[in-house]
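A look at the structure
Spelled out, the chains give:
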Amino acid sequence: MRIPAIPGFDQQALEKYFKNTGALFVGRVGTLFIKMVVNIIIANYFLTYKNGVLSGGTNYIYFFSAIAALGLDQFIVKELHAHPDNRDRILGTSFFMKLMAGTVCIPLIWAAYKIEPINGTPYAYVLILSFIGVVQALNVIDPYFQSQVQSKYIMQVQVVGNLASAVVKLLLVWQKMPLVWFVYAYAFDFLLLSIGYYFVYQRKGRSVWRWSYSAQLAKKLLGYSWPLIISGIMITLYMRIDALMLQNMVSPAEAGAYATVAQFSEAWNFIPTVIVSSLFPAILNARRDDQQRYEKRTQHLYDLMVYLSLPVALVITFASPLIYKLLFRPEYASAAPVLSVHIWSGVFVFLGVASSQYLIAENYNKLTFIRTGFGAIVNILLNLVLIPRMGMMGAAIATLVAYASATFFIIFIPKVNKQGVMMFKSLFLISLFQKLLKR
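Fair warning: this is a prediction, and the values are worked out from it, not measured in the lab. (Residues numbered from 1 in each chain as written. Predicted model: local features only at pLDDT ≥ 70, side-chain atom pairs only at ≥ 80, totals over all residues. Heavy atoms only, no water.)

**Quick word on the overall build of the chain**
Summing up its helical and strand segments, the chain has 18 helices and zero strands in all. Taken across its 439 residues, the chain has 54% of its residues classed as buried. Pairs at least 24 residues apart make up 81% of the contacts formed inside the chain by residues separated by at least 6 positions. For the chain, the computed accessible surface area is about 20,000 Å², with 69% contributed by carbon and sulfur atoms. (Helix = DSSP H or I, 4+ residues; strand = E, 2+ residues; numbered from the N terminus. Buried < 20%, exposed > 50% of the residue type's maximum accessible area, 1.4 Å probe, protein only. Contact = heavy atoms within 4.5 Å. Areas by Shrake-Rupley, 256 points an atom, 1.4 Å probe, with all protein chains shown as cover.)

**Quick notes on the nonpolar core**
The biggest cluster of nonpolar side chains holds 97 residues, and the ones touching the most others in it are Y60, Y258, Y324 and L351. Element by element, the count of residues in this core is highest for helix α1 (residues 11-69), at 15 residues. When residues of this core are sorted by domain, at least three fall in each of domain 1 (11-227) and domain 2 (268-438). Residue contacts for Y324: discarding those within four places in its chain leaves A257, T260, V261, Y332, A335, A336 and L339. (Core = buried A, V, L, I, M, F, W, Y, C linked by side-chain atoms within 4.5 Å. Domains from an automatic or database assignment.)

**Remarks on the packing of helix α14 (residues 345-361) against helix α17 (residues 417-427)**
Across the interface, α14 lies against α17 with an axial gap of 11 Å and an inter-helix angle of 145°. As α14 runs across α17, the sense of the crossing is right-handed. On α17, the residues touching V347, F348, L351, S355 and Y358 of α14 are Q419, M423 and L427. Its residues placed into classes, the contact of α14 with α17 shows six nonpolar, two polar and no charged. (Axes fitted to C-alpha atoms, helices over the stretch in contact; angles between N-to-C directions. Left-handed = near helix turned anticlockwise from the far one by under 90°. Nonpolar A, V, L, I, M, F, W, Y, C, P; charged D, E, K, R; others polar.)

**Points about the confidence of the model for the chain**
Chain-level statistics for the chain give a pLDDT mean of 84 and a share of 89% at 70 or above. Summarising per-element confidence for the chain, the mean pLDDT is lowest in helix α18 (residues 430-438) (71) and highest in helix α13 (residues 336-342) (96). Below pLDDT 50 for its whole length, residues 1-11 participates in eight contacts with residues either more than four positions away or in separate chains. (pLDDT = per-residue confidence, 0-100.)

**A look at a nonpolar patch on the surface**
Residues M249, V250, I377, L381, L384 and V385 make up a contiguous nonpolar surface patch of roughly 520 Å² in combined accessible area. Tallying contributions element by element places helix α15 (residues 365-390) first for the nonpolar patch, with four residues. With respect to the helices and strands, V250 occurs in the loop between α9 (215-249) and α10 (252-266). (Patch = residues over 30% accessible without salt bridge, like charges linked within 9 Å, V, L, I, M, F, W, Y side chains within 5 Å. Salt bridge = Lys/Arg side-chain N within 4 Å of Asp/Glu carboxyl O.)

**Section: unusual backbone geometry**
With a phi close to 65°, L47 is a non-glycine residue in the positive phi region. Tracing the backbone through its elements, the reader meets L47 in helix α1. The backbone of K176 sits at a positive phi, close to 55°, despite the residue not being glycine. With respect to the helices and strands, K176 occurs in the loop between α7 (152-174) and α8 (179-201).

**Section: the packing of α7 against α8**
In the contact formed by α7 and α8, the axes pass within 9 Å of each other and the chain directions differ by 155°. Taken together, the axes of α7 and α8 are roughly antiparallel relative to one another. When the axes of α7 and α8 are compared, the crossing they make is right-handed. Only W181, F182, A185, Y186, F188, D189, L192, L193, G196, Y197 and V200 of α8 make contact with α7, whose side of the interface consists of Y153, I154, V157, Q158, G161, A164, S165, V168, K169, L172 and V173. Classifying every residue of the contact of α7 with α8 by side-chain character gives 16 nonpolar, four polar and two charged. (Parallel < 35°, antiparallel > 145°, perpendicular 65-115°, else oblique.)

**Structural notes on the pattern of salt bridges**
Overall, the coordinates contain three salt bridges when judged by the stated rule. The partner of R87 in a salt bridge is D88, with the nearest N and O atoms 3.4 Å apart. Judged by its relative accessible area of 21%, R87 is partly exposed. Note that D189 is salt-bridged to K169, the shortest N-O span being 2.7 Å. Separated by 20 residues along the polypeptide, D189 in helix α8 and K169 in helix α7 bring together distant segments of the chain. Using a relative accessible area of 14% as the deciding quantity, one classes D189 as buried.

**As for the side chain of Q299**
Inspection of the secondary structure assignment puts Q299 in helix α12 (residues 291-327). Residue classification places Q299 among the buried residues on the basis of a relative accessible area of 12%. Of note is the side chain of Q299, whose polar atom sits 2.9 Å from the side chain of S426. If near-sequence neighbours (up to four positions away) are discounted, Q299 is found in contact with M422, K425, S426 and S431. (Polar contact = N/O pair within 3.5 Å; in protein donor to acceptor, adjacent residues only side chain to side chain.)

**Quick notes on α7**
Its 23 residues give α7 an end-to-end C-alpha distance of 33 Å, which sits within 8% of 33 Å, the value for a rise of 1.5 Å per residue. Within the span of α7, buried status applies to Y153, I154, M155, V157, Q158, G161, N162, S165, A166, K169, L172 and V173. Positive backbone phi, at 55°, marks K176, one or two positions downstream of α7. (Expected span 1.5 Å × (residues − 1).)

**Details of the packing of aromatic side chains**
In the structure shown here, the tally under the stated rule is 19 aromatic pairs. An angle of 80° between the planes, with centres 5.2 Å apart, marks the rings of Y198 and F199 as edge-to-face. You can call F199 exposed: its relative accessible area is 55%. Each ring, one from F264 and one from F328, has its centre 6.2 Å from the other, and the planes form 65°; the classification is edge-to-face. A residue pair is termed long-range when its members are at least 10 positions apart, and F264 in helix α10 and F328 in the loop between α12 and α13 qualify at 64 residues. Each member of the pair F264 and F328 is classed as buried. (Phe/Tyr/Trp six-rings, centres within 6.5 Å; stacked < 30°, edge-to-face > 60°.)

**Here's the deal with the environment of H83**
By the element assignment, H83 lies in the loop between α2 (73-82) and α3 (87-115). The residues contacting H83, other than those within four sequence positions of it, are I90 and K220.

Shown next, in the form of structure tokens:
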């Protein structure tokens with residue numbers, strides 16, 4: 001079916017972006033299902049204490065993932081979109097930058113652990129996981145396919161990689177292997193994906209061996225991305241600090257139960273990333289060609305974020321007791337009401353991802369780390385107050401308030417507060433009612 005001709009509307013572009021988004025959704029939904037099944041089996045295998053020990057190591061590494069990633073991905077897309085003939089230099093420079101950053105993170109992780117160790121999680125586990133940053137350097141291939149609106153190739157790699165990872169972990173459970181084997185398996189996941197990215201890129205005349213490094217381009221990319229590096233650190237703070245504070249302030253067992261809450265609640269967070277990354281080129285085109293269409297597309301994007309996240313939050317809120325009864329051992333039952341609260345943070349994650357793309361498009365990169373820094377501060381302060389009194393429920397409340405605070409912080413910044421108003425219109429379904437009244 002074709003949409004009637006509209007001035008400025010490109011049917012072929014719509015179909016191209018729709019197919020790309022559809023491919024990403026298929027890959028991520030398949031990946032989500034596989035991961036959730038495997039995580040539930042592992043959680044029931046280890047029970048709360050050991051599950052907390054394992055999640056403590058992975059959460060700790062996330063604090064350094066922003067440094068290793070250098071906040072480059074969106075700028076790689078922008079550079080490739082603007083200079084497609086410069087592909088090998090852009091990808092090569094980005095790869096070497098990420099490789100060096102991942103290497104630097106290894107001693108940083110050691111120093112940080114010496115200063116603040118994790119209750120119950122030994123450094124040996126953290127050391128194994130610290131090499132993930134180096135392995136992930138080949139992830140620069142992902143934004144390349146995004147820029148080409150060919151994310152189906154990334155989907156293929158992710159589905160195959162996650163199937164292989166699931167098989168390995170299920171074999172470990174079947175053989176009743178100790179915890180350290182699962183730490184190695186988690187690190188192996190990232191190696192497997194990097195190998196997959198390499199082979200999928202090597203087709204159709206492309207080759208990583210033709211990549212080159214440019215110090216001038218590296219300086220330019222860092223000039224753009226350094227606010228996003230700090231923003232990424234702040235994001236990991238307010239996304240992961242609750243679990244680590246819970247583990248150190250209460251117990252690994254409490255953190256192990258909370259880990260299942262976070263896994264369920266955050267499992268849907270791939271949806272805004274997929275949609276926004278696929279539509280970002282179209283939004284950039286609208287900004288270049290038609291300011292009014294650009295604003296409409298941005299409002300529609302916020303609306304879509306709410307239409308997708310709100311039903312998920314409502315369903316999980318009422319279904320959480322049944323979820324824990326059917327899928328988990330009784331030891332995890334206390335986490336069910338916590339999930340009913342934590343799931344609402346996803347609404348603000350959806351809106352936050354969309355508004356972040358607006359900030360990047362308008363070159364307001366510094367605002368991204370200012371607002372996430374504000375969210376991180378709110379989260380840490382609330383965790384300090386609520387965790388001793390309420391345990392993991394306090395951590396969930398702190399996370400919800402922090403996500404909302406970070407998302408709507410821009411409403412207090414005059415040059416971008418219009419975006420805050422637009423998000424409010426979407427959140428309270430005002431724009432939906434306005435559309436219905438016009439009919």
